[in-house]
Amino acid sequence: MSHTDPEHISDNQQASRFELAAQGHVAELVYRRRADRLVLVHTGVPDALGGHGIGGQLVAAAVSRAAAEGLTVVPLCSYARSWLRSHPDVADKVTIDWGDSPAGG
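Described below are features of the structure shown in this document. Worth saying up front: this structure is predicted, and the values here are computed from it rather than measured.

**Here's the deal with the pattern of salt bridges**
Then, in step 1: Within the structure shown, the criterion is met by six salt bridges.
Then, in step 2: Between glutamate 19 and arginine 17 there is a salt bridge; the shortest N-O distance is 2.4 Å.
Then, in step 3: On the basis of relative accessible area, glutamate 19 is assigned to the buried category, the value being 14%.
Then, in step 4: Accessibility expressed as a relative area gives 23% for arginine 17, which makes it partly exposed.
Then, in step 5: Where arginine 65 meets glutamate 69, a salt bridge forms, and the shortest distance between an N and an O atom there is 3.1 Å. Of the two residues, arginine 65 and glutamate 69 are both situated in helix 1 (residues 54-69); the distance of four residues between them amounts to about one turn of the helix.

Structural data, given as structure tokens:
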């Protein structure tokens, strides 16, 4: 098993972020919980961890939590929006509030 397996993602609810620590770096997906919504604010993957699909794993972890808790996902983060649009198999597991599309796309 590699260090990028999804089970290594933790939900740090005190910091409001999903985290994956590897190779001395931490990738994160910052979120806000608002009533019955899980708002995805920012995905950050250090360059040293890039190219391993970690950002997508973080978004998938957020979807899993939302599905388990009956939450609506609100992907404000442009990466999360893009990833969810290109992974409808994951996106279909929850209700997604796409809101207004950002200007230009």
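Having seen the model, we can carry on.
**Regarding unusual backbone geometry**
Then, in step 1: A positive phi angle is found at glutamine 23, which is not glycine, with a value near 55°.
Then, in step 2: Unlike most non-glycine residues, alanine 35 shows phi in positive territory, near 50°.
Then, in step 3: The residue alanine 35 is located in the loop between strand 3 (25-34) and strand 4 (37-44) in this model.

**A word on helix 2 (residues 78-86)**
Then, in step 1: Among the residues of helix 2, those classed as buried are Ala80, Arg81, Trp83 and Leu84.
Then, in step 2: The secondary structure elements touched by the buried residues of helix 2 are strand 4, helix 1, strand 5 (72-75), helix 3 (88-91) and strand 6 (95-96).

**Section: helix 1**
Then, in step 1: Between its first and last C-alpha atoms helix 1 spans 23 Å; for 16 residues at 1.5 Å apiece the expected length is 22 Å, and the two agree.
Then, in step 2: Immediately beyond the C-terminal end of helix 1, within one or two residues, lies glycine 70, with a positive phi of roughly 70°.

Calculation criteria
- Residues numbered from 1 in each chain as written.
- Predicted model: local features only at pLDDT ≥ 70, side-chain atom pairs only at ≥ 80, totals over all residues.
- Heavy atoms only, no water.
- Salt bridge = Lys/Arg side-chain N within 4 Å of Asp/Glu carboxyl O.
- Buried < 20%, exposed > 50% of the residue type's maximum accessible area, 1.4 Å probe, protein only.
- Helix = DSSP H or I, 4+ residues; strand = E, 2+ residues; numbered from the N terminus.
- Contact = heavy atoms within 4.5 Å.
- Expected span 1.5 Å × (residues − 1).

This is a description of form; function is not addressed.
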